[in-house]
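# Topology and contacts: notes
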Amino acid sequence: MDLSRWLAEAAGANADWARTFGPFDPHPALAVDDDRFAAAFASFTERLTDNYPFFHPRYAGQMLKPPHPAAVVGYVAAMLINPNNHALDGGPATAAMEREAVQQLATMFGYDTHLGHLTTSGTIANLEALFVARELHPGRGVAYSAEAHYTHGRMCRVLGVEGTSVATDDLGRMDLGALEDLLRRQNIGTVVVTAGTTGLGAVEPVHEVLALRERYGVRIHVDAAYGGFFTLLAGADGPEGLPAEPWRAIAQADSIVVDPHKHGLQPYGCGAVLFRDPSVGRFYVHDSPYTYFTSDELHLGEISLECSRAGAAAAGLWLTFQLLPPTREGLGRVLAAGRRAALRWAELIEGSARLRLYQPPELDIVSYFAGSSLSEIDATSARILQEGMTDRDDPVFLSTLRVGGERFAARHPGITADAGGARILRSVLMKPESETYVEHLHERLERLAG
């Protein structure tokens, strides 16, 4: 794709559409001449250089990468109109695109029926899922694993619901014995299961947690904000294939959250929440005397806690899905490349004399360290992080994860526990280009570790 060409086409299409409404005089208060703009733009672009190269595979740190060019063009084309998907009169075209894109997400997870919409983030999407859970189970608490995203504890406090953290196993997944013990002892109404923890990429056993639903009368919410699109690799052939059971089981969950602004190739912020039972829409019922007047159809704002939302986010996602749909043959190929890159790097680390694998990657997050004691590991991780990203000739950008001493000892009992914990190195290989770059990353890390 020639991004410059299609951005110009987007601006031209908007100008053609605008001309159909006839001419008018622009207000002088909005006028900015090109010389003034050039000066401001030069300062603006200079300031943007103060960023890490998220686009490059040498950036192997957090869950960051630029959106696909199709998403950029779709977003910009709609942004020039600036629709608001809260009500149909604010964005009729992009509201329809949102419904279609959300339907594709629901199909990806195996939902036969659904109620859902886009959100500005996974945090808001999880808030909505827990809000509905609270309305269905008033006075009952929410359980989530100790490795779940911190948003669940925060949103429980926002909602006035008691949130309880459940211990994890040696791979960072919810411990089912600890969960069942909690369900027997406490008044829990909802269990949050994470399909891809943001720290290590651990996939919790959705299929096994579902077996507890009828026994204890709980609601099952799957937080797949980071890992959700990996369902496209469930049961796939080749090294990138994932065990099918937890991913297939998501179709039976009561609600799901997924972030298209992670593996869906979208700009921030584009999250999504899906409910298996459409009747939960009754909990959103409200009145707005100055909106919802152009159509008797359901307005997206009538099934959302958020009000104004950018229709451009729906446009970017819709256009991307026309070209790279959420299928194994579409987006699945993108995720498969990152998954293979993670497996390959793990293999290289296993054969290294300087680096050690913290745990095998389940998705596309690789965790590793250098050193024989917790204090040495922590200091070495900090040094490698700093030296790597400040090297002018061959920089590499990583992230760290703080691990407690007990968790470290469970995975690596030979490590000397001379501190309460340690930072390890962590790399998210969510760019498909990582597949052909991972050998260089490894060689660079070997030099830094030495």
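Look up a bit, the structure's there.
What comes next is a walk through the structure. Given the structure is predicted, the values throughout are model-derived calculations rather than measurements.

A word on the sheet that holds strand β2 (residues 141-145). The strand order β1-β7-β6-β5-β4-β2-β3 describes an open sheet built from seven strands, whose pairing is mixed. Looking at which strands have only one partner, the edges of the open sheet turn out to be β1 (115-119) and β3 (163-166). For this sheet, the mean inter-axis angle between neighbouring strands, taken without regard to orientation, is 20°. The sheet contacts of helix α5 (residues 122-136) involve β1, β2, β4 (188-194), β5 (219-224), β6 (255-258) and β7 (271-275), and relative to β7 the element is tilted by about 25°. Sheet contacts for helix α6 (residues 151-159): β2, β3, β4 and β5; angle to β2, the most-contacted strand, approximately 170°.

The computed volume of the largest pocket comes to approximately 590 Å³. Along the wall of the largest pocket there are 30 residues; nearest its centre are H149, Y150, T198, G199 and K262. Listed by contribution, the elements that provide at least two residues to the lining of the largest pocket are α5, α6, β5 and β10 (399-404). With three residues, α5 is the largest single contributor of residues to the lining of the largest pocket. Along the lines of polarity and charge, the residues of the lining of the largest pocket split into nine nonpolar, 13 polar and eight charged. Here the second largest pocket defines a volume of roughly 420 Å³. Looking at the second largest pocket, it is lined by 21 residues, and the ones nearest its centre are G74, A77, A78, I81 and M97. When contributions to the lining of the second largest pocket are tallied by element, the ones reaching two or more residues are α1 (3-19), α3 (69-79), α4 (92-109) and α10 (311-323). If one sorts the elements of the lining of the second largest pocket by residue count, α1 sits on top with six residues. Looking at side-chain class alone, the lining of the second largest pocket contains 15 nonpolar, five polar and one charged residues.

A word on the pairing of strand β8 (residues 356-359). In this structure, β8 lies alongside strand β9 (residues 365-369), joined through three bridges in antiparallel fashion. Pairing of R356 across the sheet is with F369, part of β9.

A separate point is α1. With 17 residues, α1 should cover 24 Å at 1.5 Å per step; its first-to-last C-alpha distance of 24 Å lies within 8% of that length. Regarding α1, its N-cap is D2, as a side-chain oxygen of that residue lies 3.3 Å from the backbone nitrogen of S4 further along.

This brings us to the environment of D169. Mapped onto the fold, D169 is located in the loop between β3 and α7 (176-185). Overall, D169 belongs to the partly exposed group, its relative accessible area being 24%. In this structure, the C-alpha to C-alpha distance between D169 and R407, residues 238 residues apart in sequence, is 9.1 Å. Not counting residues within four places of it along the chain, the set of residues in contact with D169 comprises D175 and R411. In this structure the side chain of D169 is engaged in a polar contact, spanning 2.9 Å, whose partner is the backbone nitrogen of L171.

What follows deals with a nonpolar patch on the surface. A contiguous nonpolar patch, built from V32, F37, F41, F44 and L48 and spanning about 490 Å² of accessible area, is present on the exposed surface. Inspection of the secondary structure puts F41 in helix α2 (residues 34-48). Overall, the relative accessible area of 40% leaves F41 in the partly exposed class.

Applying the stated rule across the entire model yields zero disulfides. The thiol of C270 is unpaired, and the distance to the nearest cysteine sulfur, on C307, comes to 18 Å.

Moving on to unusual backbone geometry. Here Y268 and G269 are connected by a cis peptide whose omega angle stands at -10°. Relative to the helices and strands, G269 is located in the loop between β6 and β7. In this structure, N82 takes a positive phi of about 65° despite not being glycine. Structurally, N82 can be placed in the loop between α3 and α4. For N82, a relative accessible area of 58% gives the class exposed. The phi dihedral of L265 is positive, around 70°, even though this residue is not glycine. Residue position: L265 is located in the loop between β6 and β7.

Spatially, the four strands line up as an open sheet ordered β8-β9-β11-β10, and their pairing is antiparallel. The sheet is open, and its two borders are formed by β8 and β10, each paired with just one other strand. Strand-to-strand twist of the sheet, defined as the mean angle between neighbouring strand axes without regard to direction, takes the value 45°. Pairing of β9 with strand β11 (residues 421-428), which is carried by four bridges, proceeds in the antiparallel orientation. Across the sheet, the residue bridging to S367 is R426, located in β11.

The subject of this paragraph is the packing of aromatic side chains. Two measures describe an aromatic ring pair: the distance that separates the ring centres and the angle between the ring planes. By the definition in use, this model includes 11 aromatic pairs. For the ring pair W17 and F21, a centre distance of 5.2 Å and an interplane angle of 75° mean the geometry is edge-to-face. Accessibility expressed as a relative area gives 43% for W17, which makes it partly exposed. Aromatic rings pair up to connect Y52, F54, Y59 and F397 into one cluster.

Moving on: the packing of α3 against α10. Relative orientation and spacing of two packed helices are given, respectively, by the angle between their axes and the distance between those axes. α10 packs onto α3 with a crossing angle of 140° between their chain directions and a minimal axis gap of 7 Å. Relative to α10, α3 is oriented so that their crossing is right-handed. Of the residues in α10, those in contact with A70, A71, G74, Y75, A78 and M79 of α3 are A312, A313, A315, G316, L319, T320 and L323. Residues belonging to the contact of α3 with α10 are distributed by class as follows: 10 nonpolar, three polar and no charged.

Parameters and conventions
Residues numbered from 1 in each chain as written. Predicted model: local features only at pLDDT ≥ 70, side-chain atom pairs only at ≥ 80, totals over all residues. Heavy atoms only, no water. Pairing = 2+ DSSP bridges. Helix = DSSP H or I, 4+ residues; strand = E, 2+ residues; numbered from the N terminus. Axes fitted to C-alpha atoms, helices over the stretch in contact; angles between N-to-C directions. Contact = heavy atoms within 4.5 Å. 1 Å grid on protein atoms, 1.4 Å probe; cavity = no way out; pocket = protein on both sides within 12 Å on 5 of 7 lines; lining within 4 Å. Points joined across faces, edges and corners; volume = space filled by probe spheres on them. Nonpolar A, V, L, I, M, F, W, Y, C, P; charged D, E, K, R; others polar. Expected span 1.5 Å × (residues − 1). Polar contact = N/O pair within 3.5 Å; in protein donor to acceptor, adjacent residues only side chain to side chain. Buried < 20%, exposed > 50% of the residue type's maximum accessible area, 1.4 Å probe, protein only. Patch = residues over 30% accessible without salt bridge, like charges linked within 9 Å, V, L, I, M, F, W, Y side chains within 5 Å. Areas by Shrake-Rupley, 256 points an atom, 1.4 Å probe, with all protein chains shown as cover. Salt bridge = Lys/Arg side-chain N within 4 Å of Asp/Glu carboxyl O. Disulfide = S-S within 2.5 Å. Phe/Tyr/Trp six-rings, centres within 6.5 Å; stacked < 30°, edge-to-face > 60°. Left-handed = near helix turned anticlockwise from the far one by under 90°.

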